[in-house]
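Now for the letters of each chain:
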Amino acid sequence: MHPVDLFFLIGIAIFVLILVIITLTIFRKRKKVARIISSIMVISYFIFFAIYPSIRASMHAQRYDELAKYLQNTYPTEKFNIESRDYTTVIQFGDFYVSNKDTPNKGVVYRV
């Protein structure tokens, strides 16, 4: 996982922790309700943390398809090579190296 993703997930964890503290403070006399609400928030965070990489992979694949359709519609007579960079190793999410099949050594980076 990229450091930017880790900062994002740590920020969400801090936000959830603040919400849990506020919930425990508000429902001080109703401890059972406070524990239930806090448990739901923490469990939801862990589920999000577990599925986050698959969400990113799905978004990357969707952007790849959008770029392929755009290139096909904009340049119908040209054939392109689209190298899908691994989304976990790039800083900018959705970077794709696109080159013409006639000149594979020359290309551009699309950010979708």
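Residues numbered from 1 in each chain as written. Predicted model: local features only at pLDDT ≥ 70, side-chain atom pairs only at ≥ 80, totals over all residues. Heavy atoms only, no water.

Quick look at the overall build of the chain
So, point 1. When its secondary structure is counted, the chain shows 2 helices and 3 strands.
So, point 2. Ordering the α and β elements of the chain from the N terminus gives α-α-β-β-β.
So, point 3. Every one of the 112 residues in the chain was classed for burial, and the buried ones make up 22%.
So, point 4. Taking as baseline every contact in the chain between residues at least 6 positions apart, the subset at least 24 positions apart corresponds to 40%. (Helix = DSSP H or I, 4+ residues; strand = E, 2+ residues; numbered from the N terminus. Buried < 20%, exposed > 50% of the residue type's maximum accessible area, 1.4 Å probe, protein only. Contact = heavy atoms within 4.5 Å.)

Observations regarding a nonpolar patch on the surface
So, point 1. On the surface, Leu6, Phe7, Ile10, Ile14, Ile18, Ile22 and Ile26 cluster together to form a nonpolar patch covering roughly 700 Å² of accessible area.
So, point 2. Topologically, Ile18 is positioned in helix H1 (residues 3–26).
So, point 3. For Ile18, a relative accessible area of 43% puts it in the partly exposed group. (Patch = residues over 30% accessible without salt bridge, like charges linked within 9 Å, V, L, I, M, F, W, Y side chains within 5 Å. Areas by Shrake-Rupley, 256 points an atom, 1.4 Å probe, with all protein chains shown as cover. Salt bridge = Lys/Arg side-chain N within 4 Å of Asp/Glu carboxyl O.)

A word on the packing of aromatic side chains
So, point 1. Here the structure, examined in full by the defined rule, presents 6 aromatic pairs.
So, point 2. Ring centres of Phe48 and Tyr52 lie 5.5 Å apart, and the angle between their planes is 55°; on these two criteria the pair is classed as tilted. Linking Phe48 with Tyr52, this pair stays in helix H2 (residues 31–74), spanning 4 residues, or about one helical turn.
So, point 3. Its relative accessible area of 27% is what places Phe48 among the partly exposed residues.
So, point 4. Among the aromatic residues, ring-to-ring pairing joins Phe8, Phe48 and Tyr52 into one connected group. (Phe/Tyr/Trp six-rings, centres within 6.5 Å; stacked < 30°, edge-to-face > 60°.)

Structural notes on the side chain of Ser99
So, point 1. Along the chain, Ser99 falls in strand S2 (residues 95–100).
So, point 2. With a relative accessible area of 3%, Ser99 lands in the buried category.
So, point 3. Not counting chain neighbours up to four residues away, the residues in contact with Ser99 comprise Lys79, Phe80, Asn81, Pro104, Lys106 and Gly107.

Here we look at H2
So, point 1. An ideal rise of 1.5 Å per residue puts 64 Å on 44 residues; H2 measures up with 61 Å between its terminal C-alpha atoms.
So, point 2. Burial in H2 covers these residues: Ala34, Ser38, Met41, Tyr45, Tyr52, Arg56, His60, Leu67 and Leu71.
So, point 3. Contact partners of the buried residues in H2: H1, strand S1 (80–84), S2 and strand S3 (107–111). (Expected span 1.5 Å × (residues − 1).)

Digging into the sheet that holds S1
So, point 1. Read from one edge to the other, the open sheet built from 3 strands follows the order S1-S2-S3, with strand pairing classed as antiparallel. Since the sheet does not close on itself, it has two edges, and those belong to S1 and S3, each with one partner. The mean inter-strand angle of the sheet, taken between neighbouring strand axes irrespective of direction, is 25°. (Pairing = 2+ DSSP bridges. Axes fitted to C-alpha atoms, helices over the stretch in contact; angles between N-to-C directions.)

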